[in-house]
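This is what each chain is made of:
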Amino acid sequence: MLKSIIAFLEPNNKPEGYIFSSAKLVTALMVVGILLYTFTGGWGTIACLSLAIGLMIGRYLLVKQATNDFRDMHHAKKGYAQTKNKDYLRFIQARGQQMLRDNKALTKSAKKEIHELLTYTERYL
């Protein structure tokens, strides 16, 4: 069991999602909140914890949006394979380019997956 925990903590073995993790920032805000408690009488802690909660909610929304976008693009790829309707490819192209342009928190694997989908669309358009 100890070996599996150590293997998980290795940087190469961590599962990577579509959006970068905010765990380090949330932890830093909690530590700053602890340090500010004595100086501000608790108000600094409330502010730091509020920022941490806001950061976690924002990341949750980004992950949910990216997951839905990838699901839609893969569904459109299947739709094109079944019907040969090029509107599916145009949808994948538009959504992939929009994600690359607007979402700056995408991981390398997410960007790679988008580029693979875009090359797929360029092959058939």
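Predicted model, so just to flag it, every value in this text is computed and none were measured.

Colleague: If you had to explain the side chain of Thr 107 to someone new, which residues and values would you point to?
Modeller: For Thr 107, the position within the fold is in the loop between helix H4 (86–102) and helix H5 (108–124). Among the residues examined, Thr 107 registers a relative accessible area of 1% and is labelled buried. Beyond its immediate sequence surroundings of up to four residues, Thr 107 is in contact with Glu 16, Gly 17, Tyr 18, Ile 19 and Phe 20.

Colleague: Could you give me a rundown of the packing of helix H2 (residues 23–40) against helix H3 (residues 43–83), with the residues and numbers involved?
Modeller: Two elements in contact, H2 and H3, have axes whose closest approach is 6 Å; the angle formed by their N-to-C orientations is 165 degrees. As summarised for this structure, H2 and H3 are arranged roughly antiparallel, according to the angle between their axes. Where H2 crosses over H3, the two elements pack in a sense that is left-handed. Counting all contacts with H2, which are made through Leu 25, Val 26, Leu 29, Met 30, Val 32, Gly 33, Leu 36, Tyr 37 and Thr 40, the residues of H3 involved are Trp 43, Gly 44, Thr 45, Cys 48, Leu 49, Leu 51, Ala 52, Leu 55 and Met 56. Residues of the contact of H2 with H3, tallied by class, amount to 14 nonpolar, four polar and no charged.

Colleague: Quick rundown of H2? Include the residues and the values.
Modeller: Its 18 residues place the ends of H2 25 Å apart at the C-alpha level, agreeing with the 26 Å of an ideal helix rising 1.5 Å per residue. Along its length, H2 reaches its greatest deviation from straightness, about 25 degrees, at Ile 34. Phi turns positive, to about 70 degrees, at Gly 41, one or two residues after H2.

Quick notes on the rules
- Residues numbered from 1 in each chain as written.
- Predicted model: local features only at pLDDT ≥ 70, side-chain atom pairs only at ≥ 80, totals over all residues.
- Heavy atoms only, no water.
- Helix = DSSP H or I, 4+ residues; strand = E, 2+ residues; numbered from the N terminus.
- Buried < 20%, exposed > 50% of the residue type's maximum accessible area, 1.4 Å probe, protein only.
- Contact = heavy atoms within 4.5 Å.
- Axes fitted to C-alpha atoms, helices over the stretch in contact; angles between N-to-C directions.
- Parallel < 35°, antiparallel > 145°, perpendicular 65-115°, else oblique.
- Left-handed = near helix turned anticlockwise from the far one by under 90°.
- Nonpolar A, V, L, I, M, F, W, Y, C, P; charged D, E, K, R; others polar.
- Expected span 1.5 Å × (residues − 1).
- Bend = angle between axes of the 7 residues up to and from the residue.

By themselves these figures say nothing about function.
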